[in-house]
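Here is how the chains run, residue by residue.
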Amino acid sequence: MYKFFLCFRYLKSRGIAYLAVLGVVLCVFMMVVVISLFTGFINNIEKAAKGLFGDVVMSAEGQHGLAYYDEFIAEVRKKVPEVREASPYILSYGMLRISGQEHYRNPVQIAGIRLPEHAEVSAFGKGLFVQKSGKLSWDPPVKDLIARIEQESKRTGELKSKREARKFDGPHRPLEQANEIERIGNALRLQEEAVANLRNIDRNRAELTSLQAQLEEALARGVGREDVDQGRKALAQARADNVAPDKIEAMESELEALEKAVVRLETIQRQTSYYERIAYENPDRRVVLGLGIEALSFRTDTGDVVRLWTPGQKVILYVFPLGRRSMDMSALSPEIGNFSVIDDNRSGVPPIDSAFVYVPFETLQKLNHMEAEYSQEDPKLVVAPARCSQIIFKVKADQPTEEELRGISRRIERAWLGFRGRFPGAAMTSVSVETWRQRQHELLSTVEGQRIMMIVILSIVSMVAVILIFVILYVLVMQKTADVGILKAIGASSTGVAGVFLLYGAALAAVGAAIGVILGYRFVRNINQIADWLATEFGFTPFRYGFLFDRFPDEIQLHTVVWVVFAAILAGIIGALRPAIKAARMQPVEALRYE
Amino acid sequence: MSKPPAILVEGVHKTYRLGRQDLHVLRGVDCTIGDGEFVAIVGASGSGKSTLLHLIGLLDRADEGGITLDDRNVMGLSAGACNRMRRHEIGFVFQFYHLFSELNVLDNAMLPAMVDTPLLNWFSRRKKLRAKAAGILDDVGLGDRLKHRPRELSGGERQRVAIARALMNDPSILLADEPTGNLDSKTGAKIMKLLKRCNANGQTILMVTHDSDIAAQADRILHLVDGLMMEPL
Ligand SMILES: Nc1ncnc2c1ncn2[C@@H]1O[C@H](COP(=O)(O)OP(=O)(O)OP(=O)(O)O)[C@@H](O)[C@H]1O
Ligand SMILES: [Mg+2]
């Protein structure tokens, strides 16, 4: 009993001990913060990686692709009832150009997906910007577009004033600052224009139909700017010829009416063409951008996203076909398509978001030369079946374990073995079926490795705390030699005396750990506010987000805390071990003579 | 002599080794102290009085000879048994008090009881032990100083706390190494009164002292000369 009592009393009255406590506080604080952040990052990546490709993905080996995918999906639904949803997927490579930005051309990966199925096998729907809810489609309602772009322009406006209010003292990249404000301003103008146009279009939907009729009729009549020019010339001629004033007056009013009609015509033309661009155009040629594609959005150095695209934005995709014709020279010439942007998507995995664009499955199938081919003689006879690159499966279980998923993968693979025999076009295709974790193994293991390395480094740093406890307890044991003698003289055992100091070391560590955990908890919970504050007050942005993450993860896992506290107390005991043994070995007489 | 002696020392030798030089301090000490006796040991400085007391108090081991306490030979006892003897049978009072400066008077006096009580039993016994310690401190005249720290007390008061501590576990033998050595004669007299009261309560007392006046108050005086015990004629 006296061990606890003495240890508590020593704790209360030893000034130097607080130094050890401070050391433990710092180490525990660092540990909690680093482990929490890394675990948060890993969880984010895992979540994103999982959302990317559903639970299980089946891919064909080689570039040739998978035939009879719809038939196989039906087969899997029958044979593997654990599968809830499945969707075919095409991946190809190409180049992106943006109309209005002639210098821009960037390599992209082009994903052909079916909507809404793809959103049911992956988290694609959650990452969309415009289509936040409802049934996803390649042809979203104009009302949704208006609401989203309006919101977005409000946000961009706020961002702009926030950035303008931010002061930079000293030689702090004034040019960059100005450039950024200008870019945000441009984005804002684009968005406001888009909203105004979309609004106008939506409000005058009925009028628009009549406008269109008017337009067609006027165009048929041949009304145009040339007519106005001709009228002007005729009027000037008439004036020169001294035609009677009442006739000139009549010509003038006629010309005026004509001019009005032309202006009106041009307005109608603009509005209709805009509306056509976003509403009436071929819904096959729609594209969703990865939010991270350069030149269509950017991130300020405070980590805010600014969108530079507006609905209807034209882009050009050059697709390098990987389909069956890819063995001849035609593989060298890309298929080119005009697309209009309808949305953007943020998966949370940086390399995906900065390189991917998504287009309708069937569209890419054609551009990629994977569509079905029919016989010349009999257009009903399929010579080569349509293909996809992969099939993505989602299972019914909500949180399937890796084990379960691997079991399902094996059964899908087996189903394919049975299936391909019945379809000559599929007979030669061998496939691999992988769980999302297997697919993302490399990405995950890199981050995991970094986490372990950080923990190792911090553990080494934390040796300082152990040494601090060791030194302080050593000094304490020396100071308290007489106390040790007394304890032994009144019958305390050697282990009991050692216990006093071990307990003391553990207690120092426990107090330090408690404070460190509290500080670490408060720091991690507020880490985003702290980062924002550093950025706005001092322009200090040590963390380049890239498109990695919008925010720092601010979750703390209970097991992290338990683990760190346990390690700290263990370290305290280890630091106390040597001094405690020294105390235990002291002869009472020697100890008492020490005065 | 119906009762066995409280302390029986037979032919005890103790040699300190200082580098190459041997210091043969005790050279076959014999003495018998009866149960309930109050005996004083006197002798020149360096004659080995403290050494002998430490051997009897189990704070050190004799090189040779036998020591019997309350009819138990303690020479071959295990460490655990030694600790138990120290806790229950022996109370020790030191010249330099040796109190815990972090603990108040009451806690200092209670310490032997704390050492003797396992954690689980502490909560049930705490009240009783505290009352007992307070009672002993009241007996030694410190009933109103329970919450004071040792450094707030005078030398005599500190020695009384040390005596209270030595009495806490009701030992049958009380060993005192110059309990008045650092005190003036008036305070020393008070301490002696206290020891005599303990003796009257049946405790065997073995005291080392320099002061012949103090020694004279004991039942019997033993002289330690040249590592041997001489009884005065
Ligand atoms: N641990 C030790 N190591 C070496 N020598 C020691 C040790 N303890 C005591 N001595 C020596 O043994 C002798 C006896 O010491 P002790 O303390 O028993 O004498 P004492 O009779 O109590 O003297 P005093 O009256 O001054 O207290 C002394 O010469 C002392 O120097
Ligand atoms: Mg002495």
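First, a word on what this report is: a plain description of the structure on this page. None of the values given here were measured: they were computed from a predicted structure.

Digging into the overall build of chain B
- Along chain B, the regular secondary structure elements total seven helices and 10 strands.
- Counting only residues that meet the buried cut, chain B has 54% of its 233 residues in that class.
- Counting only contacts in chain B whose residues sit at least 6 apart along the sequence, the fraction spanning at least 24 positions is 72%.
- Carbon and sulfur atoms form 49% of the exposed surface of chain B, whose accessible area is close to 10,700 Å².

Structural notes on the nonpolar core
- Among the nonpolar cores identified, the biggest contains 141 residues, and A:Phe501 and B:Ile7 are the most heavily contacted of them.
- Top element by residues in this core is helix H2 (residues 17–52) of chain A. It accounts for 14 residues.
- With sequence-adjacent residues up to four places away left out, A:Phe501 is seen in contact with A:Leu473, A:Leu476, A:Val477, A:Val484, A:Ala576, A:Ala580 and A:Ala583.
- Of all hydrophobic cores here, the second largest spans 64 residues; its members include A:Leu296, A:Phe393, A:Trp416 and A:Val433.

Observations concerning the interface of chain B and chain A
- Counting residues at the interface gives 26 residues for chain B, matched by 25 residues for chain A.
- Summed over both sides, the interface between chain B and chain A buries roughly 2,300 Å², with carbon and sulfur atoms accounting for 67% of that surface.
- When the buried area of chain B at its contact with chain A is split by residue, B:His98, B:Phe100 and B:Glu102 rank highest and sum to 28% of it.
- Our count for the contact surface shared by chain B and chain A stands at one salt bridge.
- Two residues, B:Glu102 and A:Lys480, come together in a salt bridge whose shortest N-O distance is 2.9 Å.

Structural notes on a nonpolar patch on the surface
- A surface patch of nonpolar side chains, about 380 Å² in accessible area, is lined by A:Ile16, A:Leu19, A:Leu22 and A:Leu26.
- Within the fold, A:Ile16 resides in the loop between helix H1 (2–13) and H2.

Quick notes on the site of ligand 1
- Looking at ligand 1, there are 16 residues lining it, with A:Arg593, B:Ser45, B:Lys49, B:Ser50 and B:Thr51 nearest.
- With respect to ligand 1, the side chain of B:Glu178 contributes an N or O atom lying 3.4 Å from an oxygen atom.
- A distance of 3.3 Å separates an oxygen atom of ligand 1 from a polar side-chain atom of B:His210.
- If ligand 1 stood free it would expose 630 Å²; the protein chains cover 74% of that surface.
- Those elements that provide at least two residues to the shell around ligand 1 are helix H19 (588–593) of chain A together with strand E1 (7–18), strand E2 (21–33) and helix H1 (49–56) of chain B.
- No other element matches H1(B), which puts three residues into the shell around ligand 1.
- Broken down by class, the residue content of the shell around ligand 1 amounts to five nonpolar, seven polar and four charged.

Concerning the packing of helix H15 (residues 481–489) of chain A against helix H16 (residues 494–525) of chain A
All names here are of chain A.
- One can describe the packing of H15 onto H16 by two numbers: an axis separation of 10 Å at closest approach and a directional angle of 140°. By the angle between their directions, the pair H15 and H16 is classed as oblique. The handedness of the crossing between H15 and H16 is right-handed. For the pair formed by H15 and H16, the contact residues are Val-484, Leu-487 and Lys-488 on the first element and Ser-494, Val-497 and Phe-501 on the second.
- Partitioning the contact of H15 with H16 into residue classes produces four nonpolar, one polar and one charged.

Notes on a positive patch on the surface
Residues and elements named next belong to chain B.
- A surface patch of like charges, here positive, comprises Arg-126, Lys-127, Arg-130 and Lys-147.
- Relative to the helices and strands, Lys-127 resides in helix H4 (residues 119–139).
- A residue is classified by how much of its surface remains accessible, and Lys-127, at 73% relative accessible area, is exposed.

Some points on the packing of helix H3 (residues 105–116) of chain B against H4(B)
Residues and elements named next belong to chain B.
- Here H3 crosses H4 at 125°, and the two axes come no closer than 9 Å. Compared by their axis directions, H3 and H4 come out oblique. Viewed along their axes, H3 and H4 form a crossing whose handedness is right-handed. Note on element contacts: H4 touches H3 through Trp-122, Leu-129, Arg-130, Ala-133, Ala-134 and Leu-137, opposite Val-105, Leu-106, Ala-109, Met-110, Ala-113 and Met-114.

Comments concerning helix H18 (residues 558–585) of chain A
All names here are of chain A.
- For H18, built from 28 residues, the straight-helix expectation of 40 Å at 1.5 Å per residue is met to within 8% by its first-to-last C-alpha distance of 40 Å.
- Of all the positions in H18, only Thr-560, Val-561, Val-564, Ala-568, Gly-572, Gly-575, Ala-576, Pro-579, Ala-580, Ala-583 and Ala-584 are classed as buried.
- Next to the buried residues of H18 lie H2, helix H14 (441–479), H15 and H16.

Focus: the sheet that holds E1(B)
Residue and element names in this part refer to chain B.
- The sheet built from four strands is open, its strands ordered E2-E1-E4-E5 with antiparallel pairing. Looking along the sheet, the strands with just one partner apiece sit at the ends: E2 and strand E5 (72–73).
- Relative to strand E4 (residues 64–69), E1 runs antiparallel, the two being bridged by five bridges. The residue of E4 that forms the bridge with Ile-7 is Leu-69.
- On the sheet, H1 packs against E1, E2 and E4 and is oriented at approximately 120° with respect to E1.

Some details on the sheet that holds strand E7 (residues 173–177) of chain B
Residues and elements named next belong to chain B.
- Taken together, six strands build an open sheet; the order of strands is E6-E7-E8-E3-E9-E10 and the sheet is mixed. What marks the edges here is a single partner per strand, and that holds for strand E6 (90–93) and strand E10 (228–230). Neighbouring strand axes in the sheet, compared pairwise and without regard to direction, differ in orientation by 20° on average.
- In the sheet, E6 pairs with E7 via four bridges, with the strands oriented parallel. Considered in E7, the bridge of Ile-90 is made with Ile-173.

What counts, and at which threshold
Residue positions are counted from 1 within each chain, in the order its sequence is given. Chain labels run from A onward and ligand labels from 1 onward, assigned in the order the entries are written. Only residues with pLDDT of 70 or above have their local features reported here, since the model is predicted, and side-chain atom pairs are shown and tallied only from 80 upward, although totals for entire chains, interfaces and linings are computed over all residues. The side-chain quantities take in all heavy atoms of the structure and omit both hydrogens and water. Working definition: helices are DSSP H or I runs of at least four residues, strands are E runs of at least two. Numbering for both runs from the N terminus. The buried label applies to any residue whose accessible area, calculated with a 1.4 Å probe on protein chains only, is under 20% of its type's maximum; exposed applies above 50%, and partly exposed to all values in between. Only heavy atoms matter for contacts: two residues are in contact if any of them lie within 4.5 Å across the pair. Note on areas: Shrake-Rupley, 1.4 Å probe, and residue coverage restricted to the protein chains presented here. The term nonpolar core refers to a set of buried residues drawn from Ala, Val, Leu, Ile, Met, Phe, Trp, Tyr and Cys, joined through side-chain atoms within 4.5 Å. Buried area is understood as the total, over both parts, of accessible area removed when two parts are fitted together, assessed with a 1.4 Å probe. Salt bridges, as used here, are contacts in which a Lys or Arg side-chain nitrogen is within 4 Å of a carboxyl oxygen on Asp or Glu. Patch membership requires more than 30% relative accessible area and the absence of a salt bridge. Residues of like charge join within 9 Å; the nonpolar side chains Val, Leu, Ile, Met, Phe, Trp and Tyr join within 5 Å. Whether a residue is near a molecule or strand depends on its heavy atoms: if one lies within 4 Å, it is near. Polar contact is defined as a pair of N or O atoms within 3.5 Å, subject to the rule that within protein one atom must be able to donate a hydrogen and the other to accept it, and that residues adjacent in sequence are counted only when both atoms are side-chain atoms. Classification used: nonpolar for Ala, Val, Leu, Ile, Met, Phe, Trp, Tyr, Cys and Pro, charged for Asp, Glu, Lys and Arg, polar for all others including Gly. Convention adopted: a line fitted to C-alpha atoms gives each axis, helices being fitted over their contacting stretch, and angles between N-to-C directions are expressed from 0 to 180 degrees. By the definition adopted for this analysis, an angle is roughly parallel if under 35 degrees, roughly antiparallel if over 145, roughly perpendicular if from 65 to 115, and oblique otherwise. Crossing chirality is assigned from the near helix's rotation relative to the far helix, an anticlockwise turn below a right angle marking it left-handed and a clockwise turn marking it right-handed. Residues scored as charged are limited to Lys and Arg (positive) and Asp and Glu (negative), so that His and the chain ends carry no count. A charge is said to be at NZ when it belongs to Lys, at CZ for Arg, at CG for Asp and at CD for Glu. Expected span of a helix, by definition, is 1.5 Å for each gap between consecutive residues, and there is one gap fewer than residues. A strand pair is defined by DSSP finding two or more bridges across the two strands.

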